[in-house]
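Coordinate analysis (summary)
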Amino acid sequence: MNRRRFLGAGFASAAAACGVGPTRSAVAPPPAALADDRVAPLAAVSRLVVERQDPLAGRCRYVADLGPRKVAQPIFVARRGESFDAVIENALPQPTTVHFHGLTLAEAQDGAGFDPIAPGARKRVRFEVKNRSGLYWFHPHPHGFTAEQVYGGLAGLLVVTDDDDEALDAALGLAPGNRLALAVADARVVGGAIRPYAPTAEDCLTGWLGNRALVNGELDAERVVAPGWARLQILNACNARGLLLGFRDTAAREGEQLIPFSLLGTDGGLLGAPREIDRAFLYTGERVDVAINLAGRRAVVAVSLEFDARHQAHGMPPRHHHPARDRYPALAAEAVCESAVRSDPGDRLPDGAELSLFTLHVGAAPARATPPLPSRLSGLPDAATGPQDAMRRLRLDFDERTGFLIDQTPYRLDETAFSVRRGTRETWEIRNSPISMPHPMHLHGFGFRVLRRQGTYGAARRFATESGGRFPTDLGVKDTVLLWPNETIWLAVDFALPEDAAFRGAQRYMFHCHNLEHEDGMMMRNFAVV
Ligand code: C2O
Ligand code: CU
Ligand code: CU
């Protein structure tokens, strides 16, 4: 067996199947089940404007120009092999970038923050979608401004489809509207209004936490779906909050069981086979694809269940001075990490507290027969255990003087922590300090597989139900993986890059914590693939 197929994480394993990219005149229609006004074919976008809508609260949005129509806060859909070719216009008073989280892109298209777009400037970005079907997303990545801009509302979804994805919708017999793509964030809401971003030193330690869920930008989100299967692709778009996703029937009595659901996929697409669970951890930047059977139910609420988030780091991290911030105003005219030391506990629900996310109302449409779940979802192999080319060890630490660090080194834009030859397969051993916090670690450009976890304790331990001490969500292709305090994890990373001209020469990527206050607080490193 070809070793790339064995790992299964890269674009390479099915690259042959995608053929020639379509032209703008031949854009694949979005999945029929995904009936949402905001759905916009990625390949039809000619301009993407990033703008501030409300200077008082610092609320921002993306507006996609599709020629005949404009879509605000679009949900992009692309079939694997299709291309994006658009001008990105920055109408914010700050530099920005558009980073497509999870896609395999060359440095020039990755929007990682090496080359931000200045206020008032524009940039043409072109790339082909090479990744497997799945839920990806896009958000700003200008170092020092990322957390503020994402909280301001700049987090968009990209649904990538392919043959496996289409076959799954057909097998589930999804009614129109029964497939949902949802970005779940949390906001600080006081008196019905979203508070602007103004983190204190404490917020910079734990990350900025809100008190209410926002789903695709809406508070108290509700959707009406038909009886039968619903397929939900869910992103945790919070700055810092972990979600322990579960579903309850609104008619259920106190203490009644959660509704079981099936995990179909993770960050980088479908699992080989569905896995039945009744709750799943989803930290910031992570995605799940799940199927829930709504037959015989009237309404179901999605919640983040209570859990012990094990924030073990105490003491305040130092302030980080981002020189670039001196030159631009805040989105809502408040300072970053410098206001009062303590936050108002009323508008800040701790990580791990129960939070209700959204409600699904089951319509009275004639019940469809609920077909059985398919037993195979994709050709994804089990995680690689074969020989790797090299082992790389990384450590995550917290230090009151310097804050959160990767290998004892704070982020520098001009530093390259290490270089990897393209095509190399590495095992990464990442160790999180016991005196730390949960850190959702994200790798740009390359999907990876989780091989093993060790040292998991506390709330997380009971979810380590899979071989190697892994969680069910570790079974698929990942680009963001949670490390609990005290944990060590082993990942298989394949540094294969496409042969296209776009990828010629050394390409720089980033590896960072996706708690956005930690990311802006220097918990990030650059590496190069040469
Ligand atoms: Cu979701 Cu480096 O980003
Ligand atoms: Cu990313
Ligand atoms: Cu972190």
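Our subject is the structure that appears above.
Residues numbered from 1 in each chain as written. Chains lettered and ligands numbered in written order. Predicted model: local features only at pLDDT ≥ 70, side-chain atom pairs only at ≥ 80, totals over all residues. Heavy atoms only, no water.

**Digging into the overall build of the protein**
If you tally the helices and strands in the protein, you get six helices and 34 strands. What you see for the protein is a C-alpha radius of gyration of 21 Å, in line with the 24 Å of a compact globule of 530 residues. For the protein, the C-alpha atoms occupy an extent of roughly 60 × 55 × 55 Å along the three principal directions. Looking at the protein as a whole, 61% of its 530 residues qualify as buried. Restricting to contacts in the protein with at least 6 residues of sequence separation, those with at least 24 account for 82%. As presented, the protein carries roughly 19,500 Å² of accessible surface, and 50% of it is formed by carbon and sulfur atoms. Charge-centre separation for the protein: the mean point of 60 positive side chains lies 3 Å from the mean point of 62 negative side chains. (Helix = DSSP H or I, 4+ residues; strand = E, 2+ residues; numbered from the N terminus. Rg over C-alpha atoms; globule rule 2.2 N^0.38 Å. Buried < 20%, exposed > 50% of the residue type's maximum accessible area, 1.4 Å probe, protein only. Contact = heavy atoms within 4.5 Å. Areas by Shrake-Rupley, 256 points an atom, 1.4 Å probe, with all protein chains shown as cover. Lys, Arg positive; Asp, Glu negative; His and termini not counted. Charge placed at Lys NZ, Arg CZ, Asp CG, Glu CD.)

**Things to note about the coordination of the copper ion (ligand 2)**
In the first shell of the copper ion (ligand 2), the protein supplies H99 (NE2) and H442 (NE2), at 1.9 Å from the metal. Remark: H442 occurs in strand β29 (residues 439–443) and H99 occurs in strand β7 (residues 99–101); sequence separation between them is 343 residues. Accessibility expressed as a relative area gives 0% for H99, which makes it buried. (Donors = N, O, S within 2.8 Å, 3.2 Å for Na, K, Ca; no water.)

**Describing unusual backbone geometry**
Backbone phi values are negative for most residues with the exception of glycine, while trans is the configuration of most peptide bonds. One non-glycine residue, Q73, lies in positive phi territory at about 45°. Topologically, Q73 is positioned in the loop between β4 (70–72) and β5 (75–79). Judged by relative accessible area, Q73 falls into the partly exposed class, the value being 22%. A positive phi angle is found at M522, which is not glycine, with a value near 85°. Residue position: M522 is located in the loop between α6 (516–520) and β34 (524–529). You can call M522 buried: its relative accessible area is 11%.

**What to know about the sheet that holds strand β24 (residues 355–362)**
Here five strands make up an open sheet; going across it, the order is β16-β24-β23-β18-β21 and the pairing mixed. Among the strands making up the open sheet, the edge pair consists of β16 (221–225) and β21 (280–282). On average, each strand axis in the sheet is tilted by 30° relative to the strand beside it, whichever way the strands run. Taken together, the five bridges between β16 and β24 define a ladder with parallel strand orientation. Bridge pairing in β24 places V225 opposite V362. (Pairing = 2+ DSSP bridges. Axes fitted to C-alpha atoms, helices over the stretch in contact; angles between N-to-C directions.)

**Some thoughts on the coordination of the copper ion (ligand 3)**
The protein atoms donating to the copper ion (ligand 3) are H439 (ND1), C513 (SG) and H518 (ND1), with metal-donor distances spanning 2.0 to 2.1 Å. What makes C513 buried here is its relative accessible area of 0%.

**Quick look at the sheet that holds β29**
Strand pairing in a sheet relies on backbone hydrogen bonds. The paired strands run either parallel or antiparallel. Pairing is mixed across the open sheet formed by five strands, whose spatial order is β27-β34-β33-β29-β31. Two strands bound the open sheet, and with one partner strand each, they are β27 (418–420) and β31 (480–483). Across the sheet, the mean angle from the axis of one strand to that of its neighbour is 25°, orientation sign disregarded. Bridging between β29 and β31 involves four bridges; their strand directions are antiparallel. Directly across from P440, in β31, lies its bridge partner L482.

**Quick notes on empty space enclosed by the protein**
Under the defined criterion, the tally for this structure stands at five cavities of 30 Å³ or more. Considered as a void within the structure, the second largest cavity measures approximately 60 Å³ in volume. Every residue lining the second largest cavity is listed: I88, T97, V98, A108, Q109, D110, G111, I117, K123 and V125. Among the elements of the structure, α2 (107–110) and β8 (122–128) are those that each provide at least two residues to the lining of the second largest cavity. Here the lining of the second largest cavity gets three residues from one element, more than from any other, and that element is α2. (1 Å grid on protein atoms, 1.4 Å probe; cavity = no way out; pocket = protein on both sides within 12 Å on 5 of 7 lines; lining within 4 Å. Points joined across faces, edges and corners; volume = space filled by probe spheres on them.)

**Considering the nonpolar core**
W428, I430, F446, L491, F511 and F527 are the most contacted members of the largest nonpolar core, which has 32 residues in total. Of all hydrophobic cores here, the second largest spans 31 residues; its members include L182, I259, A302 and V362. (Core = buried A, V, L, I, M, F, W, Y, C linked by side-chain atoms within 4.5 Å.)

**Details of the pattern of salt bridges**
A full pass over the atoms with the stated rule returns 39 salt bridges. Note that E107 and R508 form a salt bridge whose closest N and O atoms lie 2.9 Å from each other. Taken together, the positions of E107 in helix α2 and R508 in strand β33 (residues 507–513) put the pair 401 residues apart, joining distant regions of the chain. R223 serves as the salt-bridge partner of E218, at 3.4 Å between the closest nitrogen and oxygen. Classification of E218 as partly exposed rests on a relative accessible area of 31%. Shared partners join several salt bridges into a network, and the residues in it are D165, D169, R179, R231 and D289. (Salt bridge = Lys/Arg side-chain N within 4 Å of Asp/Glu carboxyl O.)

**Here we look at the packing of aromatic side chains**
Per the counting criterion, the structure on display carries 27 aromatic pairs. Relative to F511, the ring of W428 lies with its centre 5.1 Å away and its plane at 90°, an arrangement referred to as edge-to-face. Linking W428 in strand β28 (residues 425–432) with F511 in strand β33, this pair joins segments that are 83 residues apart in sequence. Each member of the pair, W428 together with F511, is buried. Ring plane angle 75° and centroid distance 6.3 Å describe the contact between W428 and F527, whose orientation is recorded as edge-to-face. Here W428 is found in strand β28, whereas its partner F527 is found in strand β34, with 99 residues between them in sequence. The same class applies to W428 and to F527, which are both buried. Taken together, F418, W428, F446, F495, Y509, F511 and F527 form an aromatic cluster joined through their ring pairs. A cation over a ring is seen here: R392 above F418, with NZ or CZ 4.0 Å from the ring centre. Directly above the aromatic system of F114 lies the positively charged group of R508, at a separation of 3.9 Å from the ring centroid. (Phe/Tyr/Trp six-rings, centres within 6.5 Å; stacked < 30°, edge-to-face > 60°. Lys NZ or Arg CZ within 6 Å of the ring centre and 35° of its normal.)

**Observations regarding the side chain of T284**
If you trace the backbone, T284 turns up in the loop between β21 and β22 (287–293). Within the local environment of T284, its side chain forms a polar contact with the backbone oxygen of H514, the two atoms lying 2.9 Å apart. Apart from residues lying up to four places away in sequence, T284 is in contact with N236, C238, N239, A240, R241, P440, T480, H514 and N515. (Polar contact = N/O pair within 3.5 Å; in protein donor to acceptor, adjacent residues only side chain to side chain.)

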